[in-house]
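Structural overview for review
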Amino acid sequence: MADRDFLLWPFLEPRHRAWADEVEAWAAANAERLSEGDTDTAVRNLTRAMGEAGLLRVAVPEDGRLDVRSLCIARETLARHSGLADFAFAMAGLGTGSVTLFADAALREAVLPAARAGTSLAAFALSEPEAGSDVAALATTATRDGNAHWRIEGSKTWISNGGIAGTYVVFARTGEAPGARGLTAFLVPADTPGLTIAERIEVSAPHPLATLRFDAMRVPDSHRLGAPGEGFKVAMATLDVFRATVGAAALGFARHALDLTVARATNRQLFGGPLFDQQMTQAAIAESAVDVETSALLVYRAAWLKDSGTPRVSREASMAKLHATEAAQRAADRCVQIHGGYGVVRDHPAEKLYREVRALRVYEGASEVQRIIIARAERDRAKGAA
């Protein structure tokens, strides 16, 4: 397959090629089939099936070592087949990533095996109604309740897997310092008294999303992830791993868009010949092909740097996410355009793909935020070179 040529790049190892074959085989047989029907049920079924197949061993590694290249390969492959399958895999990793990286052995053992098996879903609860990209503005509070507990008050919104997750990683203000330096992360089981689902959120490409409310929610100190005041560090370390994987999902969507575009252009007759013969069609295909290849290079470079031990890859991961998500939107738009009226028919593959891609430019840091991160990194690099 032409779209698997990237597996031969020096960023990847033989084990990654074997992993790609494993994920591709599972996705071809199961991803689309298990994505049908009610969204909540589909996500549960997909997660359980991936757990049973052993695919979640990469998202929730037993040895605690998150291999970003393997995560990217999985997300790219799954996204080509089903946006919901990609979502289910991604949330298994993102929802437990902070536990994998920062929890003690007892908490890891209590949470991670069920997540790895796909029998318990996980969620990452950072965003709030007035604090999405601006983490320093978080208003949810956690105050000491004796020596062994914390009491959490506030709300979170846009929480993926909200309402169906078994555990939530919740970030709250504990006040050790102003702004982002005064946050702490906690692992919260879904059945904790005081935790309620305030609202289920319907979006253009159906995914389980919710607003959470915490009313005097009591959490044991043993469920704290990292030290008090280290919540920002926990959040950024987790996102540093998974941000490049958002670019990988976008890459999978873009590859699918390019495949659909080429197939339509080849088979559609217009003005006495294939639509492909029109120079503007060829230009659209060429632009999408260049976007796909550029995204792949940026995504797997960022993943390779992280796996190679680079302490922070915020700049490279932001570049990968920014370019890949924006490029996927362009590729999806070209795909719709080439399909003409069919491209805007509800649930046509091109129309569905267009809706799936759009959210990636917003979550885990909107494109505008990625530009700020990249610009600041370039300023700092210039200062360092001076």
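Residues numbered from 1 in each chain as written. Predicted model: local features only at pLDDT ≥ 70, side-chain atom pairs only at ≥ 80, totals over all residues. Heavy atoms only, no water.

Focus on the overall build of the protein
As a reminder, the rule being used: By definition, any uninterrupted DSSP run of H or I lasting at least four residues is a helix, any uninterrupted run of E lasting at least two residues is a strand, and each is numbered from the N terminus. Values of the radius of gyration come from C-alpha atoms, whereas the globule rule sets the reference at 2.2 Å times the count of residues to the power 0.38. Residue contacts follow a heavy-atom distance rule, with two residues in contact if any of their heavy atoms lie within 4.5 Å. Note on areas: Shrake-Rupley, 1.4 Å probe, and residue coverage restricted to the protein chains presented here. In this tally, Lys and Arg are treated as positive and Asp and Glu as negative; His is ignored, and so are the chain termini. To locate a charge, take atom NZ for lysine, CZ for arginine, CG for aspartate or CD for glutamate.
For the protein, the helix and strand inventory stands at 11 helices and 10 strands. Here the C-alpha atoms of the protein give a radius of gyration of 21 Å, agreeing with the 21 Å that 2.2 N^0.38 yields for 386 residues. Dimensions of the protein, computed from C-alpha atoms along their principal axes, come out at roughly 80 × 55 × 40 Å. Considering only contacts in the protein between residues 6 or more positions apart, those separated by 24 or more positions represent 73%. Accessible surface, the protein as shown: approximately 16,500 Å² in total, 54% of it carbon and sulfur. Looking at charge distribution, the protein has the averaged site of its 44 positive side-chain charges lying 4 Å from that of its 47 negative ones.

Brief notes about the packing of helix H5 (residues 83-102) against helix H6 (residues 105-117)
Rule in force here: In this analysis, axes come from line fits to C-alpha atoms, helices being fitted only over the stretch in contact, and the angle between any two N-to-C directions falls in the range 0 to 180 degrees. By convention the crossing between two helices is left-handed if the near helix lies anticlockwise of the far one by an angle smaller than a right angle, and right-handed if it lies clockwise. Lys, Arg, Asp and Glu make up the charged group, whereas Ala, Val, Leu, Ile, Met, Phe, Trp, Tyr, Cys and Pro make up the nonpolar group; the residues left over, Gly among them, are polar.
Viewed as axis vectors pointing N to C, H5 and H6 meet at an angle of 145°, and their least axial separation amounts to 10 Å. In this structure, H5 crosses over H6, and the sense of that crossing is left-handed. Counted together, Thr96, Val99 and Thr100 of H5 and Arg108, Leu112 and Ala115 of H6 form the full contact between these two elements. For the contact of H5 with H6, the class distribution of residues is three nonpolar, two polar and one charged.

Details of the nonpolar core
Counted only if it meets this: Working definition of a nonpolar core: buried Ala, Val, Leu, Ile, Met, Phe, Trp, Tyr and Cys residues. They are joined through side-chain atoms within 4.5 Å. Burial classes follow relative accessibility: with a 1.4 Å probe on protein chains only, a residue under 20% of its type's maximum area counts as buried, one over 50% as exposed, and anything between as partly exposed.
Trp26, Met50, Phe89, Phe171 and Tyr300 are the most contacted members of the largest nonpolar core, which has 97 residues in total. Considering every element that reaches this core, the biggest residue donor is helix H7 (residues 231-267), with 18 residues. The residues contacting tyrosine 300, other than those within four sequence positions of it, are Phe6, Phe11, Leu12, Arg69, Cys72, Ile73, Glu76 and Leu251. In this structure, Trp150, Ala172, Val188 and Met217 belong to the second largest nonpolar core, which totals 18 residues.

Overview of the environment of glutamine 278
Looking at the element boundaries, glutamine 278 is found in the loop between strand E10 (273-274) and helix H8 (279-307). A relative accessible area of 28% means that glutamine 278 is categorised as partly exposed. Each C-alpha atom, one on glutamine 278 and one on alanine 265, is 9.1 Å from the other, the two residues being 13 residues apart in sequence.

Quick look at the pairing of strand E5 (residues 183-189)
The criterion, for reference: In this description, strands pair whenever DSSP reports at least two bridges between them.
In terms of burial, E5 is largely enclosed, as six of its seven residues are buried. In terms of strand pairing, strand E4 (residues 167-173) meets E5 through seven bridges, oriented antiparallel. Bridging from a neighbouring strand, arginine 173 pairs with leucine 183 of E5. By the bridge criterion, two bridges tie E5 to strand E8 (residues 224-225) in an arrangement that is antiparallel. Bridging across to E8, alanine 185 finds its partner in leucine 225.

A look at helix H9 (residues 314-339)
Every α-helical turn comprises 3.6 residues, leaving residues that sit three or four positions apart pointing alike. Applicable threshold: Helices are assigned an expected span. That span is 1.5 Å times one less than the residue count.
For H9, with 26 residues, the first-to-last C-alpha span of 37 Å sits near the 38 Å given by 1.5 Å per residue. The element H9 is largely enclosed, with a buried count of 22 among its 26 residues. Two residues or fewer after H9 comes glycine 340, characterised by a positive phi angle close to 60°.

Quick look at the pattern of salt bridges
Definition in use: In the sections that follow, a salt bridge refers to a side-chain nitrogen of Lys or Arg positioned within 4 Å of a carboxyl oxygen of Asp or Glu.
Tallying each qualifying case throughout the model produces 26 salt bridges. In this structure, the salt-bridge partner of aspartate 291 is arginine 330, at a minimum N-O distance of 3.0 Å. Highlighted residues: aspartate 291 in helix H8 and arginine 330 in helix H9, separated in sequence by 39 residues. Looking at aspartate 291, the relative accessible area reads 9%, which means it is buried. One salt bridge connects arginine 315 with glutamate 316, and the closest N-O pair in it is separated by 3.1 Å. Residue class for glutamate 316 comes out buried when judged on its relative accessible area of 14%. A single salt-bridge network, built from bridges that share partners, covers Glu13, Arg15, Asp67, Arg69 and Asp307.

Structural notes on the environment of alanine 79
You can see alanine 79 is positioned in helix H4 (residues 68-81). On the accessibility criterion, alanine 79 (3% relative accessible area) is buried. The contacts of alanine 79, once residues within four sequence positions are left out, are Asp86, Ala249, Gly252 and Phe253.

A short note on the packing of H7 against H8
Selection criterion: For classification purposes, angles smaller than 35 degrees are called roughly parallel, those larger than 145 roughly antiparallel, those between 65 and 115 roughly perpendicular, and all remaining angles oblique.
Interaxial distance between H7 and H8 falls to 9 Å at its minimum, and their mutual angle equals 160°. With respect to their mutual orientation, H7 and H8 come out roughly antiparallel. Considering only the axes of H7 and H8, their crossing is left-handed. Here Asp240, Val241, Ala244, Gly247, Ala248, Leu251, Ala254, Arg255, Leu258, Thr261, Val262 and Ala265 of H7 lie close against H8, whose contacting residues are Thr281, Ile285, Ser288, Ala289, Val292, Glu293, Ser295, Ala296, Val299, Tyr300, Ala302 and Lys306. Looking at the contact of H7 with H8 residue by residue, the classes come out as 15 nonpolar, five polar and four charged.

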